[in-house]
Amino acid sequence: MTTPTAVPVRTRSQALQERAERVFPGGVNSPVRAFRAVGGGAPFVESAEGAWLTDADGNRYIDYFGSWGPMILGHAFPPVVEAIERAARKSASFGASTAAEGDLAERVMACYPAIERLRFVSSGTEATMSAIRLARAATGRDVIVKFEGCYHGHADGLLVKAGSGVATFGIPGSAGVPEVVAKLTLALPYNDLGAVKAAFAAHTGEIAAVILEPVVGNAGCILPADGYLEGLREITRREGALLIADEVMTGFRLALGGAVERYKMAPDLITLGKIVGGGLPVGAFGGKREIMDLLAPLGPVYQAGTLSGNPLAMAAGIATVGYLQGHAGEVYPRLEATAKAVFDGVAAEAAKAGVELTTNRVGSMGTWFFTADAVTDYDEAAKSDTAAFGRFHRAMLDAGVWLPPSQFEAAFVSAAHGDAEIARTVDAARIAFRSL
Ligand code: KE4
């Protein structure tokens, strides 16, 4: 499979972009899709299958962002497509309880024994926003601790030194978030237990919860230092604050039970999204029964959603999580082997070309940082040469390899990626590193 060297024609994508900018701010429905961090000119996707995307001009790309995480089995995975088709024939939505919600919930609880009760919502943002509200109700406290570079969706109080698109744009928070709201969120450096201890000492009895990405994906991929997750659990337990594991990205990806399983965590609440919906809009939050039962209609914490537990989304989630449960012994080793080959292969080409690169990876998610130094927190990630990343991204895109369009995003490998995709990606990187 030879790597193309000519720049693909993208005239239809350009026309679609011009139309999009007449109807959407920035031409997108989510900022990171605008490719602002890598010079713009994002192709429009027409279809996808397995590990491959096809754009509006018929150009094909190996997909390394996978809809930002959900497509762990690859695009148009037949059991998922068939499940959605079957559900759609029975109507798209009822706004009433269905068996499918319980079916998916039982699968989630089998993967996450720490979840005694859960509730489905329609996005990761809703999941984390609702978990924060629960934590405040359960503790009677107002302050939330998050970590710089971690992104937990766009609820007001969580857009403080967030990652993902906020990190990409260097927006410390966001306009429109009142100071009085932002003041209730403490943003601390990740991987620094001393900073957490100091925060609790300065705000004794005020901190309701600590929320984190157990493995950070939204500053690029950053791994927890040895003992860090255990230390957070020990501090929060001693201080009477809840520990919220935001597994929207890592859930079902790092293991069937996500980072909670991989790192043997014992959080009070867990938030999920992405893979749990198999590409359809699903978020979920869950944990200890005594906390979850504070939710209406049982308790005083209100939370609701028109499309929560949507039957099509439940069908896609059941097919996806069900397949992962039934094939875990094959899928997760395959994801590990493929991701190792891709990330190590690209890193080896950088070394041959004399390009300084630090590779952070856990399982099938990872990031190549354009820096020679270790990346263990957001400040270190931010020292990366983002201009070089932008040139690399463009060269890889033109070679048919679509990486996430920001240094501050994680790349993902799916179960549909195989030897052909590995070879094509490493070859494209060999050429790209020589054009930087
Ligand atoms: P959504 O509201 O976008 O479904 O989920 C928010 C969220 C919460 N927690 C974590 C750990 C997340 O990674 C996310 C969303 N991730 C980004 C990608 N870095 C979504 C992509 C986008 O914003 O377009």
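Higher on the page you've got the structure.
Predicted, not measured: the structure shown is a model, and the values here were computed from it.

Draft legend 1. Geometry of the pairing of strand S1 (residues 45-49). Taken together, the 4 bridges between S1 and strand S2 (residues 52-55) define a ladder with antiparallel strand orientation. In the sheet register, Val45 faces S2, and the bridge partner there is Asp55. The hairpin turn running from S1 into S2, its antiparallel successor, is 2 residues long, and Gly50 in that turn takes a positive phi close to 60°.

Draft legend 2. The arrangement of the sheet that holds strand S14 (residues 411-412) in detail. The strand order S11-S12-S14 describes an open sheet built from 3 strands, whose pairing is antiparallel. On the outer flanks of this sheet lie strand S11 (358-362) and S14, each paired with one strand and no other. Bridge count for strand S12 (residues 365-369) against S14 is 2 bridges, and the pairing is antiparallel. Note on S14: the bridge partner recorded for Gly366 is Ala411.

Draft legend 3. Quick look at the packing of aromatic side chains. Summed over the entire model, instances satisfying the criterion amount to 15 aromatic pairs. Taking 5.2 Å as the distance between ring centres and 35° as the angle between the ring planes, the aromatic pair formed by Phe65 and Trp402 counts as tilted. Of this pair, Phe65 sits in the loop between strand S3 (60-63) and helix H2 (78-88) while Trp402 is found in strand S13 (residues 401-402), placing the two residues 337 residues apart along the sequence. On the basis of relative accessibility, which here comes to 11%, the residue Phe65 falls in the buried class. Here the aromatic rings of Tyr190 and Tyr228 are separated by 5.1 Å at their centres, their planes lie at 65°, and the arrangement is edge-to-face. Pair noted here: Tyr190 is in the loop between strand S6 (185-188) and helix H7 (193-202) and Tyr228 is in helix H8 (residues 228-239), with a separation of 38 residues, a long-range link. Of the aromatic side chains, those joined through ring pairs into one cluster are Phe35, Tyr61, Phe65, Trp68 and Trp402.

Draft legend 4. Structural context of the sheet that holds S6. The strand order across the open sheet formed by 7 strands is S4-S10-S9-S8-S7-S5-S6, and the pairing between neighbours is mixed. Single-partner strands in this sheet number two, and they are strand S4 (117-121) and S6. Here the strands of the sheet are splayed against their neighbours by 20° on average, with no regard to which way each runs. Judged from the 4 bridges that link them, strand S5 (residues 143-147) and S6 form a sheet pairing that is parallel. Each bridged residue has a counterpart across the sheet, and for Lys146 the counterpart in S6 is Ala187.

About the cut-offs
Residues numbered from 1 in each chain as written. Predicted model: local features only at pLDDT ≥ 70, side-chain atom pairs only at ≥ 80, totals over all residues. Heavy atoms only, no water. Pairing = 2+ DSSP bridges. Helix = DSSP H or I, 4+ residues; strand = E, 2+ residues; numbered from the N terminus. Phe/Tyr/Trp six-rings, centres within 6.5 Å; stacked < 30°, edge-to-face > 60°. Buried < 20%, exposed > 50% of the residue type's maximum accessible area, 1.4 Å probe, protein only. Axes fitted to C-alpha atoms, helices over the stretch in contact; angles between N-to-C directions.

Note that all results are geometric; they support no functional claim without further evidence.
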